[in-house]
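# Summary of the model geometry
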Amino acid sequence: MTEHLLPTYARFPVEFVRGAGTRLWDSDGNEYLDFLSGISVSSVGHCHPAVVEAIREQAGRLLHVGNLYFTEPMTRLADRLATSSLGGGVFFTNSGAEANEAALKLVRKNKQGGDIVVVHGGFHGRTYGALSATPQEAKQAPFAPLVPGFRAVEPTAAAITQTVDDRTAAVVLEIIQGESGVRILGDDVLRAARAACDAHGAALVFDEVQTGMGRTGTLWGYEQVGVVPDALTTAKALGGGLPIGALVTGEKLRGVFEPGDHGSTFPGGPVVAAAALAVFDVLDDDALLASVRAGGERLRARLEELPGVAEVRGRGLMNAFDLADGSAPDLTRRALLEQRLVVNATGPRTIRLLPPLLVSDAELDEAVDRLGALLAA
Ligand SMILES: *Cc1c(COP(=O)(O)O)cnc(C)c1O
C-alpha cells in the first residue's frame, strides 16, 4: 500500500497477489471468491490458461509496431469482432471510454453539428466526451464546462421519441445500465430509439462495454432485445484482463472515418489482440452462453430468498440486488473482509454481482450463502 496514489478510489485495505478461475488470494494468503471480475473484465476467470499462453507466445514474438501496419492478431480480431456482430468496420482502443470517444466522433462526423441524445443513469466513461455522455451530476459538475451538444432524457420510449429530431446525430445508451445498478432498459425503449433514429437519420449506438462478450448470456447483449444498433462499443472482458476496447460499426457507418480522422498509438497491438482472440475462443461458445443464462436464473432465484433483499435484477450473469436500507457499502466491506467474497456496491442500496462466466452452480450457491450469513447476522 502507498500514499502515492491520487485518491480517486476509496480502496479497500486488501492487496491481491494471485488469481485463478473464480478465486483470488491476498498477500496474507487468504482465498477469496470473486463475484466482481475486476468489474466485468475477468469473464474467462483469472489467468485463464489459454489467455495466459496466448499472451506469453505473442510477447516473445512481437510486442508493438503501431497502427501504420497490419499484424495478424489485429487482423483476425477485427474479423472476429465484425463477423460476430454488426459486420462493418472496427476501430481499436485501449479502454471503454476511448471506444465511446471513437463512437462519438464517428456519429458527429456522420451528421456534422448534430446533437447526441443520452439517457439518465447512463455511464460511458470518464474522459471528456464520454463524461459529457454520462448525465450524472456528481460525476459531471466538478469538471464543467463539458463537451457541448449532449441532450439527456429519461430512459423512456416517450422521452426518446419526443427528443430525437432532425438535428440528432445519434442516440447512445447501454441496454442494461451497469454502473447505475443493473437497470434494464425496456425493449419498448430500445425499439423507440431505433424507430426515432430511423425516422430522423440518426445513428443508434449501444455501449456494450459491460453487457458484451457474453455477460448477459449471448455474445452481445443486443441479440436478446430484438433491436440492432448501427454501432456498438466493447471493452472490459474483451482482453481477458489486458486493456483493449473497440468500436464496431454496421455497414451504414463503415465509410465515415477516413485516414487521419482518428487514431491512437497502442490500440489493437499484437499482445492484447492475441489475448482477445483467446477470450473469444472461450466465450463465443453456445454451451457456455447457455450456462450463463441458466446460472443467472439460479442466482436470481436464490437471491430472492435472502432476508432484507428488496429487489433482484439482471440478465445472464450481470445481476444486482437492492437492500431495503442503505447498507450496501457496509455489506460489501464485510463480504470482502469477513466472508472473503468480492462484490460491489453501485450505490447505498445496491449490490452488483459480476462473477466470471465460468462460475459453477456450487460457487453461485456459495456466494449466496456467504451473503446470507451477513444478511442474517
Ligand atoms: C466501464 C464502462 C465504461 C468505461 O470503460 P473504461 O474502460 O473504464 O474506460 C463505459 N461504458 C460502460 C457501459 C462501462 O460499464
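Above: the structure in question.
Here is what the cut-offs are and how they apply
- Residues numbered from 1 in each chain as written.
- Predicted model: local features only at pLDDT ≥ 70, side-chain atom pairs only at ≥ 80, totals over all residues.
- Heavy atoms only, no water.
- Helix = DSSP H or I, 4+ residues; strand = E, 2+ residues; numbered from the N terminus.
- Rg over C-alpha atoms; globule rule 2.2 N^0.38 Å.
- Buried < 20%, exposed > 50% of the residue type's maximum accessible area, 1.4 Å probe, protein only.
- Contact = heavy atoms within 4.5 Å.
- Areas by Shrake-Rupley, 256 points an atom, 1.4 Å probe, with all protein chains shown as cover.
- Lys, Arg positive; Asp, Glu negative; His and termini not counted.
- Charge placed at Lys NZ, Arg CZ, Asp CG, Glu CD.
- Salt bridge = Lys/Arg side-chain N within 4 Å of Asp/Glu carboxyl O.
- Pairing = 2+ DSSP bridges.
- Near = heavy atom within 4 Å.
- Polar contact = N/O pair within 3.5 Å; in protein donor to acceptor, adjacent residues only side chain to side chain.
- Nonpolar A, V, L, I, M, F, W, Y, C, P; charged D, E, K, R; others polar.
- Phe/Tyr/Trp six-rings, centres within 6.5 Å; stacked < 30°, edge-to-face > 60°.
- Axes fitted to C-alpha atoms, helices over the stretch in contact; angles between N-to-C directions.
- Expected span 1.5 Å × (residues − 1).
- Arc of directions from axis to C-beta.

Turning our attention to the overall build of the protein. What the protein contains, in helices and strands, is twelve helices and 17 strands. For the protein, whose C-alpha radius of gyration is 20 Å, the value lies close to the compact-globule estimate of 21 Å for 377 residues. Referenced to the eigenvectors of the C-alpha coordinate spread, the extents of the protein come out at roughly 55 × 55 × 45 Å. Of all 377 residues assigned to the protein, the portion counted as buried reaches 55%. Of the contacts made within the protein by residues no fewer than 6 positions apart, 70% connect residues no fewer than 24 positions apart. As presented, the protein carries roughly 16,100 Å² of accessible surface, and 54% of it is formed by carbon and sulfur atoms. Taken as two groups, the 34 positive and 46 negative side-chain charges of the protein have centres that lie 2 Å from each other.

Here we come to the pattern of salt bridges. By the definition in use, this model includes 26 salt bridges. Ionic pairing is found between Lys252 and Asp230, a salt bridge with its closest N-O pair at 3.2 Å. Highlighted residues: Lys252 in the loop between strand S12 (245–249) and helix H9 (270–283) and Asp230 in the loop between strand S10 (203–207) and strand S11 (231–234), separated in sequence by 22 residues. Since its relative accessible area comes to 55%, Lys252 is described here as exposed.

With that settled, the discussion passes to the pairing of S10. With five of its five residues buried, S10 lies for the most part within the structure. Burial of S10 is two-sided: the residues Ala203, Val205 and Asp207 facing one way and the residues Leu204 and Phe206 facing the other way are all buried. Where strand S7 (residues 168–173) lies against S10, four bridges are found, and the strand directions are parallel. Along S10, the bridge assignment pairs Val172 with Val205. When S10 meets S11, the two strands line up parallel, connected through three bridges. Across the sheet, Asp207 pairs through a bridge with Thr233, a residue of S11.

Taken together, Ser95, Gly96, Ala97, Asn100, Phe123, His124, Gly125, Glu174, Asp207, Val209, Gln210 and Lys236 form the complete shell of residues around the ligand. Ala97 places a polar main-chain atom, nitrogen or oxygen, 2.8 Å from an oxygen atom of the ligand. Gln210 is positioned such that a nitrogen or oxygen atom in its side chain is 2.7 Å from an oxygen atom of the ligand. Considered on its own, the ligand offers 380 Å² of accessible surface; in the complex 81% of this is hidden by protein. Per element, the largest residue contribution to the shell around the ligand is three residues, and it comes from helix H4 (residues 96–110). The residue makeup of the shell around the ligand, split by class, is three nonpolar, six polar and three charged.

With that settled, the discussion passes to the sheet that holds strand S14 (residues 318–323). Reading across the sheet, the four strands line up as S13-S14-S17-S16 and stay open at both edges, with antiparallel pairing between neighbours. The sheet is open, and its two edges are formed by strand S13 (309–315) and strand S16 (344–345), each paired on a single side. By the bridge criterion, six bridges tie S13 to S14 in an arrangement that is antiparallel. Across the sheet, the residue bridging to Gly314 is Asn319, located in S14.

To continue, consider the packing of aromatic side chains. Aromatic ring pairs are reported here in terms of the distance separating the ring centres and the angle at which the planes meet. Taken as a whole and assessed by the stated rule, the structure comprises two aromatic pairs. Their ring planes at 80° and their centres at 5.0 Å tell us that Phe16 and Tyr32 sit as a pair that is edge-to-face. Linking Phe16 in strand S1 (residues 16–20) with Tyr32 in strand S3 (residues 31–34), this pair joins segments that are 16 residues apart in sequence. The class for Phe16 is partly exposed, based on a relative accessible area of 35%. Of the residues examined, Tyr32 reaches a relative accessible area of 1% and is grouped as buried. On the basis of an interplanar angle of 65° and a centroid distance of 6.4 Å, the ring pair of Phe91 and Phe257 is categorised as edge-to-face.

Before going further, it helps to examine the sheet that holds strand S2 (residues 23–26). As a general point, the strands of a sheet are linked pairwise by backbone hydrogen bonds and lie either parallel or antiparallel. Spatially, S1-S2-S3-S15 is the arrangement adopted by the four strands of the open sheet, whose pairing is mixed. A strand with exactly one partner marks an edge of an open sheet, and here the two such strands are S1 and strand S15 (341–342). Strand direction decides the pairing type here: S2 and S3, joined by three bridges, are antiparallel. Within the sheet, the bridge partner assigned to Arg23 lies in S3 and is Leu33. In the packing of helix H12 (residues 361–376) onto the sheet, contacts are made with S2, S3 and S15, and the angle to S3 comes to roughly 105°.

Helix length check: helix H10 (residues 286–304), at 19 residues, gives a terminal C-alpha distance of 27 Å against a target of 27 Å (1.5 Å per residue), a fit within 8%. Residues of H10 that are buried include every one of Leu288, Leu289, Val292, Gly295, Gly296, Leu299, Arg300 and Leu303, and no others. Considered in projection along H10, the buried side chains sweep an arc of 130° and stay on one side of the axis. What points out from H10, more than 90 degrees from its buried face, is the exposed set Asp286, Ala287, Glu297 and Glu304.

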